[in-house]
Amino acid sequence: MIIIKSPREIELIKKAGEVVSDVFKQLEPLCIPGVSTLALANKADQVIRSHGAIPTFLNYEGYPGVICISVNDTVVHGIPSKHTILRDGDVVSLDVGATLNGYVADACRTYVVGRAKESTKKLVRVTEESFYEGVKLIKEGVHLGDVSHAIQTHVEKNGFSVIRDYTGHGVGRHLHEDPSIPNYGEAGTGVILKAGMCLAIEPMVAEGDYRVKILSDGWTAKMKDGKLSSHYENTLVVTKDGYEILTQDKEIK
Ligand code: MF3
Ligand code: CO
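These notes cover the structure that comes with them. (Residues numbered from 1 in each chain as written. Chains lettered and ligands numbered in written order. Predicted model: local features only at pLDDT ≥ 70, side-chain atom pairs only at ≥ 80, totals over all residues. Heavy atoms only, no water.)

Here's the deal with the pairing of strand β14 (residues 234-238)
In step 1: Within β14, five of the five residues are buried, which leaves it mostly tucked inside the rest of the structure.
In step 2: Going residue by residue along β14, you find Asn234, Leu236 and Val238 tucked away on one face and Thr235 and Val237 tucked away on the opposite face as well.
In step 3: Here strand β9 (residues 198-201) runs beside β14; their pairing, made up of four bridges, is antiparallel. Counterpart to Ala200 in the pairing with β14 is Thr235.
In step 4: Where β14 lies against strand β15 (residues 243-245), three bridges are found, and the strand directions are antiparallel. Along β15, the bridge assignment pairs Val238 with Tyr243.
In step 5: Linking β14 to β15, which pair antiparallel, is a turn of four residues. (Buried < 20%, exposed > 50% of the residue type's maximum accessible area, 1.4 Å probe, protein only. Helix = DSSP H or I, 4+ residues; strand = E, 2+ residues; numbered from the N terminus. Pairing = 2+ DSSP bridges.)

As for the sheet that holds strand β3 (residues 74-76)
In step 1: Spatially, β3-β12-β11 is the arrangement adopted by the three strands of the open sheet, whose pairing is antiparallel. Strands at the two margins of the open sheet, each flanked by one partner only, are β3 and β11 (212-214). Across the sheet, the axes of successive neighbouring strands diverge by a mean angle of 40 degrees, strand direction being ignored.
In step 2: The sheet contact formed by β3 and strand β12 (residues 221-223) spans two bridges and is antiparallel. Residue pairing for β12: Val76 is matched across the bridge by Ala221. (Axes fitted to C-alpha atoms, helices over the stretch in contact; angles between N-to-C directions.)

Looking at the coordination of the cobalt ion (ligand 2)
In step 1: Distances from the cobalt ion (ligand 2) to its protein donors, namely Asp106 (OD), His169 (NE2), Glu202 (OE) and Glu233 (OE), fall within the range 2.0 to 2.2 Å.
In step 2: Coordination at the cobalt ion (ligand 2) is irregular: its six donor atoms span angles of 64 to 168 degrees at the metal.
In step 3: Between consecutive donor residues of the cobalt ion (ligand 2), the sequence gaps follow D-x62-H-x32-E-x30-E. With Asp106 in strand β5 (residues 103-112) and Glu202 in the loop between β9 and β10 (204-206), this residue pair connects regions lying 96 residues apart in the sequence.
In step 4: The class for Asp106 is buried, based on a relative accessible area of 2%.
In step 5: Among the residues examined, Glu202 registers a relative accessible area of 6% and is labelled buried. (Donors = N, O, S within 2.8 Å, 3.2 Å for Na, K, Ca; no water. Tetrahedral: all angles 85-135°; square planar, octahedral: opposite > 155°, others 65-115°.)

All we've got here are geometric facts, nothing functional implied.
Okay, here's the thing in structure tokens:
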């Protein structure tokens with residue numbers, strides 16, 4: 001069942017979204033060679049709690065981290081560790097959830113560390129672009145499949161592939177609500193969007209093949225072929241004639 005949020009609920013999700021945005025603002029400059037992913041997560045914990053919010057992911061279905069930090073061929077759900085140290089040329093994604101006054105916002109950014117190859121920068125750029133290619137279609141009455149299809153088209157046109165095993169989702173009262181939002185699919189299919197739906201749209205993109213494997217920790221999802229991956233996500237609300245991003249950390253492009 002897809003929950004339509006009231007204006008009051010949307011405001012609350014937006015407040016949670018401001019916390020998530022502040023985490024990106026404070027952590028992006030710290031993504032430099034030599035820093036451990038645990039140090040980054042500890043900083044995220046501090047920022048989230050300084051707003052009176054709670055890190056949504058901690059203990060979610062047993063997840064042991066404050067946020068997810070996924071480096072290089074880890075696509076999602078990387079567990080922060082003092083043994084995982086960022087190196088020059090890495091790609092690192094920070095996936096952040098904050099719960100404030102009972103409402104959840106969820107977003108992810110991928111950054112390049114130090115000097116990265118052009119192909120690495122392209123992967124990160126195309127992932128972000130694919131998010132906007134999808135969401136620019138959003139307004140009341142549009143099929144969700146149109147959004148999924150546009151994301152997939154942009155990714156594949158650039159020679160990359162879309163991860164199949166993870167999807168975006170409804171968000172707000174809980175981290176994961178209906179609908180599930182694949183980053184691939186057919187235009188003209190799927191649920192029809194309505195104003196007040198709050199969605200976390202999150203393209204996960206692979207440099208090579210899209211197949212993933214889960215490590216023995218039960219969480220860390222890595223690319224089977226060991227190639228790079230990238231992830232970009234925002235929480236947004238569907239409106240009558242468009243959408244509004246609720247986890248914006250930069251000026252809208
Ligand atoms: N952004 C991810 C998602 O929406 C993060 C979830 S991590 C978990 O699925 F640990 F909370 F599961
Ligand atoms: Co999400």
